[in-house]
Amino acid sequence: MPELQRLRVDHSAAILAFETANRAYFATSISDRGDEYFENFTERHHALLAEQEAGIGAYYVLVDEDGAVLGRFNLVFVGDGVGEVGYRVAQHVTGRGVATATVRDLCSFAASRHGVRTLRAATSRANVASQRVLLNAGFIEVGPADPSDIGGQQGSWYQRDAVHVSPGDG
């Protein structure tokens with residue numbers, strides 16, 4: 001059973017393998033990270049850990065039983081109890097509800113673990129799969145996104161309330 005884990009330093013190699021293996025797939029629906037991202041991956045990974053430690057965001061990886069990363073799920077705190085959600089899932093697990101279930105999980109503990117009241121996510125018009133994930137995870141479309149928010153593409157913002165789940169609620 002895959003497990004959603006808070007980003008740690010020892011995730012570095014598995015995340016790089018995930019990003020490298022799925023680079024071409026991701027580029028079909030979102031902007032490519034560029035060669036510099038891969039060349040400086042270790043520094044970028046440490047920067048995310050520092051941001052997480054500083055309370056700027058909470059970064060998670062969905063890890064399979066064998067330690068392979070199946071997806072990345074980010075929560076960036078933008079102020080006033082608002083968190084912006086970002087995610088990417090490995091091509092070989094798409095279409096199985098993995099992204100939707102994990103985004104729902106992230107929404108469920110965003111309030112209790114991170115004090116988030118409202119969750120937002122932007123996606124391009126061309127990224128129909130991401131739109132479906134957001135809608136199935138309880139987000140609603142709330143308006144246009146600036147192209148600078150989504151790699152220069154036209155798209156929309158989606159939003160939902162964070163859900164606090166008490167222990168034992170399930």
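It should be noted that the structure appears before, not after, this text.
Quick look at the structure, then. All values reported here derive from a predicted model rather than from experimental measurement.

**Remarks on the sheet that holds strand 3 (residues 69-79)**
The pairing of strands in a sheet happens through backbone hydrogen bonds and is either parallel or antiparallel. The mixed open sheet is built from 7 strands, whose spatial order is 1-2-3-4-5-7-6. Edge strands, defined here as strands with exactly one partner in the open sheet, are strand 1 (3-6) and strand 6 (140-145). Looking at each pair of strands side by side, their axes are set apart by 30 degrees on average, direction ignored. Two elements, strand 6 and strand 7 (residues 155-161), share 5 bridges in a ladder whose sense is antiparallel. Its bridge partner being in strand 7, Glu141 is matched across the sheet by Tyr158.

**Structural notes on the side chain of His114**
Its place among the elements puts His114 in helix 4 (residues 98-114). Excluding its chain neighbours within four sequence positions, the residues that come into contact with His114 are Arg6, Ala58, Tyr60, Leu75, Phe77 and Phe109.

**Quick notes on the environment of Gly83**
Along the chain, the position of Gly83 falls in strand 4 (residues 82-89). For the pair Gly83 and His114, spaced 31 residues apart in the sequence, the C-alpha separation amounts to 9.1 Å. If we ignore the near neighbours within four places in the chain, the residues touching Gly83 are Leu75, Val76, Phe77, Val116, Thr118, Leu119 and Arg120.

**With respect to helix 1 (residues 12-27)**
If you check helix 1, its first and last C-alpha atoms are 21 Å apart, about what 16 residues at 1.5 Å a residue would give, namely 22 Å. The sharpest bend along helix 1 reaches about 45 degrees and sits at Ala21. Of the surrounding elements, those touching the buried residues of helix 1 are helix 2 (35-39), helix 3 (41-54), strand 2 (57-63), strand 3 and strand 4.

**Concerning the pairing of strand 3**
Bridging between strand 2 and strand 3 involves 7 bridges; their strand directions are antiparallel. Counted as the bridge partner of Tyr59 is Asn74 from strand 3. Where strand 2 folds back onto strand 3 in an antiparallel hairpin, the turn is made up of 5 residues, including Gly67, whose phi is positive at roughly 90 degrees. Sheet analysis places strand 3 next to strand 4, joined by 8 bridges and oriented antiparallel. Within the sheet, the bridge partner assigned to Asn74 lies in strand 4 and is Gly86. Where strand 3 folds back onto strand 4 in an antiparallel hairpin, the turn is made up of 2 residues, including Asp80, whose phi is positive at roughly 55 degrees.

**Quick notes on the pattern of salt bridges**
Taken as a whole and judged by the stated rule, the model has 6 salt bridges. Measuring nitrogen to oxygen at the nearest pair gives 3.3 Å for the salt bridge that ties Arg33 to Glu19. Placement of the pair is Arg33 in the loop between helix 1 and helix 2 and Glu19 in helix 1, with a sequence separation of 14 residues. By relative accessible area, Arg33 is classed as partly exposed at 35%. Residue Glu19 is classed as buried on the basis of its relative accessible area, which comes to 1%.

**Focus on the packing of aromatic side chains**
Scanning the entire structure with this criterion turns up 6 aromatic pairs. Measuring from ring centre to ring centre gives 5.2 Å for Tyr37 and Phe38, while their planes differ by 85 degrees; the resulting arrangement is edge-to-face. Both residues of the pair, Tyr37 and Phe38, belong to the buried class. Between the aromatic rings of Tyr60 and Phe109, the centroid separation amounts to 5.3 Å while the plane-to-plane angle is 55 degrees, which identifies the pairing as tilted. Within this pair, whereas Tyr60 is found in strand 2, its partner Phe109 is found in helix 4, the two being separated by 49 residues in sequence.

About the criteria used
Residues numbered from 1 in each chain as written. Predicted model: local features only at pLDDT ≥ 70, side-chain atom pairs only at ≥ 80, totals over all residues. Heavy atoms only, no water. Pairing = 2+ DSSP bridges. Helix = DSSP H or I, 4+ residues; strand = E, 2+ residues; numbered from the N terminus. Axes fitted to C-alpha atoms, helices over the stretch in contact; angles between N-to-C directions. Contact = heavy atoms within 4.5 Å. Expected span 1.5 Å × (residues − 1). Bend = angle between axes of the 7 residues up to and from the residue. Salt bridge = Lys/Arg side-chain N within 4 Å of Asp/Glu carboxyl O. Buried < 20%, exposed > 50% of the residue type's maximum accessible area, 1.4 Å probe, protein only. Phe/Tyr/Trp six-rings, centres within 6.5 Å; stacked < 30°, edge-to-face > 60°.

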